[in-house]
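Observations on the model geometry
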Amino acid sequence: MITIKGPKRWVIGSDRKRWLPAVDPDNREMMLSIGAFIENLSVAAGIQGYEAEIDILGKDNFSPEIAEVRLIKGKQINISEQVIKERRTIRKHLLNTPIREEDINHLVGSNKNAVFYYPLNSNEGSYIRQANLLANKAQVYREDAQTELAQWIRWSKREASEYCNGLTPESMEMEGIVRWYAQHFFSKDDVLGKTFKNETIKLVEEQVQNCAGWLVVKSDSSTVTDLINAGRVLQSAWLRAREKLIVFHPMTQILEEEPWRMELTKELGHRGNIQFVIRIGYIAKYMQPVSLRMPVSKIIVM
């Protein structure tokens, strides 16, 4: 939520109704998401000729007020607003073509101490592939996690229009008759059923085999400030990926389920805390965004 405190002065907070206690009990992912939002806001401000000054207000991940943003007149940056509008998650049709070194350097930018790439068939990539599959299997049979997921899927167009958030058959990249059937006949109960769980595992088995590799974002710690910064780092790389026809698919289960959450840092030889594991790859054609977006009137408090 955004509270308007004055001209060009806003406070960003989180809405308790949108927390995910089953898969994100520490609100770690909420802080990362707010960090990504702040990066988008900062880039958008630069496009309009402003600089966004950010102060972190949150004492912990559950603070009602997380960050204050002040817009001051600055130098206009030469970036198209389309990089924000067209950014999306893509789950299917990733190519196994190795990512060129110059393209990895383009994604990483100045964040060489925070962003790391592991090709699919490297030792680290193979571990991430197997761990991701096992973590997804564990989560799909965790009833509280599946119940929470079911609450955020908008199967019908009516639900999508009512809530303007959550997952839809389009954003899950269902196609053809499968999408039509899901929109007309699926309900929250189906998410808890055996068929949905088995299909989810089958899809993940295909996904972890079909990509170029994995992008990992780490931070020194998991303070509010470090989580916000990690979210910004990830979003910065994501915005640069579009022009290289590289797509991102975050796979969060590996960081939500034990023992993989605790093992991952050790297996990859990192110090600090891994905050994102992203499945990446080239794509032949970048698809237009389909995710639901809440209207500004629903996220702003005057």
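Preceding this section is the structure that the text describes.
Computed from a predicted structure; not experimentally measured.

Parameters and conventions
- Residues numbered from 1 in each chain as written.
- Predicted model: local features only at pLDDT ≥ 70, side-chain atom pairs only at ≥ 80, totals over all residues.
- Heavy atoms only, no water.
- 1 Å grid on protein atoms, 1.4 Å probe; cavity = no way out; pocket = protein on both sides within 12 Å on 5 of 7 lines; lining within 4 Å.
- Points joined across faces, edges and corners; volume = space filled by probe spheres on them.
- Helix = DSSP H or I, 4+ residues; strand = E, 2+ residues; numbered from the N terminus.
- Nonpolar A, V, L, I, M, F, W, Y, C, P; charged D, E, K, R; others polar.
- Pairing = 2+ DSSP bridges.
- Phe/Tyr/Trp six-rings, centres within 6.5 Å; stacked < 30°, edge-to-face > 60°.
- Buried < 20%, exposed > 50% of the residue type's maximum accessible area, 1.4 Å probe, protein only.
- Lys NZ or Arg CZ within 6 Å of the ring centre and 35° of its normal.
- Salt bridge = Lys/Arg side-chain N within 4 Å of Asp/Glu carboxyl O.
- Contact = heavy atoms within 4.5 Å.

1. Observations regarding the layout of surface pockets
Roughly 400 Å³ of internal volume is contained in the second largest pocket. Along its surface, the second largest pocket is lined by 20 residues, and Asp26, Arg28, Ser222, Leu255 and Arg261 are the ones closest to its centre. Of all elements in the fold, only α1 (28-47), α11 (260-268) and β8 (273-282) reach the threshold of two or more residues within the lining of the second largest pocket. Its residues assigned to classes, the lining of the second largest pocket comprises seven nonpolar, six polar and seven charged.

2. Some points on the sheet that holds strand β4 (residues 65-73)
Taken in spatial order, the five strands of this open sheet run β3-β4-β2-β1-β9, and their pairing is mixed. Two strands close off the open sheet at either side, each with one partner strand: β3 (50-56) and β9 (300-301). The pairing of β3 with β4 spans seven bridges and is classified as antiparallel. In the strand pairing of β4, isoleucine 54 is matched with valine 69.

3. Details of the packing of aromatic side chains
If you walk through the whole model with that rule in mind, you get seven aromatic pairs. Here the aromatic rings of tryptophan 180 and phenylalanine 185 are separated by 5.8 Å at their centres, their planes lie at 70 degrees, and the arrangement is edge-to-face. For phenylalanine 185, a relative accessible area of 49% gives the class partly exposed. With 4.9 Å between their ring centres and 40 degrees between their planes, tyrosine 181 and phenylalanine 185 make a pair best called tilted. Of this pair, tyrosine 181 and phenylalanine 185 are both found in helix α7 (residues 176-185), four residues apart, which corresponds to roughly one turn of the helix. With a relative accessible area of 43%, tyrosine 181 lands in the partly exposed category. Joined through ring pairs, the aromatic side chains of Trp155, Trp180, Tyr181, Phe185, Phe186 and Phe196 make up one cluster. Between lysine 73 and the ring centre of tyrosine 50, over which it is positioned, the NZ or CZ distance is 4.5 Å. The aromatic ring of tryptophan 238 is capped on one face by arginine 87, whose charged end is 4.0 Å from the ring centroid.

4. Points about the pattern of salt bridges
According to the stated counting rule, one finds 22 salt bridges in the structure shown. Note that glutamate 81 and lysine 85 form a salt bridge whose closest N and O atoms lie 2.9 Å from each other. One network of salt bridges, with partners in common, ties together Arg9, Glu53, Asp55, Glu68 and Arg70.

5. A short note on the environment of asparagine 273
Within the secondary structure, asparagine 273 is located in strand β8. Given a relative accessible area of 30%, asparagine 273 falls into the partly exposed group. Along the sequence, asparagine 273 and serine 222 sit 51 residues apart, while their C-alpha atoms lie 6.8 Å from each other. Setting aside chain neighbours within four positions, we find asparagine 273 in contact with Val217, Lys218, Ser219, Asp220, Ser221 and Ser222.

From the geometry alone we can't say anything about function, so treat these as descriptive.
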